[in-house]
Amino acid sequence: QMPPPKMIYLASPYSDDNPAVMEERAQETTEFVARMTALGHLIYSPITYYHTIAQVMSLPTDAEFWWGFNRDMLNRCHEMYVLEIDGWSASVGVDKEIEYCKLIGKTYHFIQTDGVMVP
């Protein structure tokens, strides 16, 4: 019997003053999650999961509001990927997720939208 796949937390930028930028980031992130899922990877993306929920329920979209949820999911995941889409290096949320991984000794990798790991 095969062991279950590693669960990967996907960090990606989201918040922006321009709602169109947020929508584009959510779309890019979700397309990446779909491609990885089709390849058999188990990916958890807070952006993919909560973007629509936040819109439907008029919930906050800032990193601070979601940090408790994201931290708890990071604790459950085996490792983290940082999706290098536009805005990732300036993202407060992504930075916090990376710092938390360092703090708890969790492995993280930088990855491009085509699935190539960045050395």
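Just above sits the structure.
I will try to describe carefully the structure that is included in this document. Computed from a predicted structure; not experimentally measured.

Here is what the cut-offs are and how they apply
- Residues numbered from 1 in each chain as written.
- Predicted model: local features only at pLDDT ≥ 70, side-chain atom pairs only at ≥ 80, totals over all residues.
- Heavy atoms only, no water.
- Core = buried A, V, L, I, M, F, W, Y, C linked by side-chain atoms within 4.5 Å.
- Buried < 20%, exposed > 50% of the residue type's maximum accessible area, 1.4 Å probe, protein only.
- Helix = DSSP H or I, 4+ residues; strand = E, 2+ residues; numbered from the N terminus.
- Contact = heavy atoms within 4.5 Å.
- Expected span 1.5 Å × (residues − 1).
- Arc of directions from axis to C-beta.
- Polar contact = N/O pair within 3.5 Å; in protein donor to acceptor, adjacent residues only side chain to side chain.

### Topic: the nonpolar core
Part 1 of the reasoning: The biggest cluster of nonpolar side chains holds 15 residues, and the ones touching the most others in it are Tyr9, Ala11, Leu74, Met80 and Val82.
Part 2 of the reasoning: Elements represented by at least two residues in this core include exactly β1 (7–11), α2 (46–57), α3 (63–76), β3 (79–83) and α4 (92–104).
Part 3 of the reasoning: Broken down by element, the residue count for this core peaks at 4 residues, all from α4.
Part 4 of the reasoning: Discounting residues that sit within four places of it in the chain, methionine 80 has contacts with Ile8, Tyr9, Ala11, Leu74, Glu97, Ile98, Cys101, Thr107, Tyr108 and His109.
Part 5 of the reasoning: Core analysis: the next-biggest nonpolar cluster, separate from the first, contains 10 residues, Leu10, Phe32, Ile43 and Ile111 among them.

### What to know about α4
Part 1 of the reasoning: Counted at 1.5 Å a residue, the expected span for α4 with its 13 residues is 18 Å, and the 18 Å between its end C-alpha atoms agrees.
Part 2 of the reasoning: Taken together, the buried positions of α4 are occupied by Gly93, Val94, Glu97, Ile98, Tyr100 and Cys101. Summarising the axial view, the buried residues of α4 lie within an arc of 160°, below the 170-degree limit, and thus occupy one face. Residues of α4 that are exposed and angled more than 90 degrees away from the buried face: Val92 and Leu103.
Part 3 of the reasoning: Where the residues of α4 are buried, they touch β1, α2, α3, β3 and β4 (108–111).
Part 4 of the reasoning: Capping the start of α4 is the job of one residue whose side-chain oxygen sits 3.4 Å from the backbone nitrogen of glycine 93: serine 91.
Part 5 of the reasoning: Looking at the residues trailing α4, positive phi occurs at glycine 105, about 75°.

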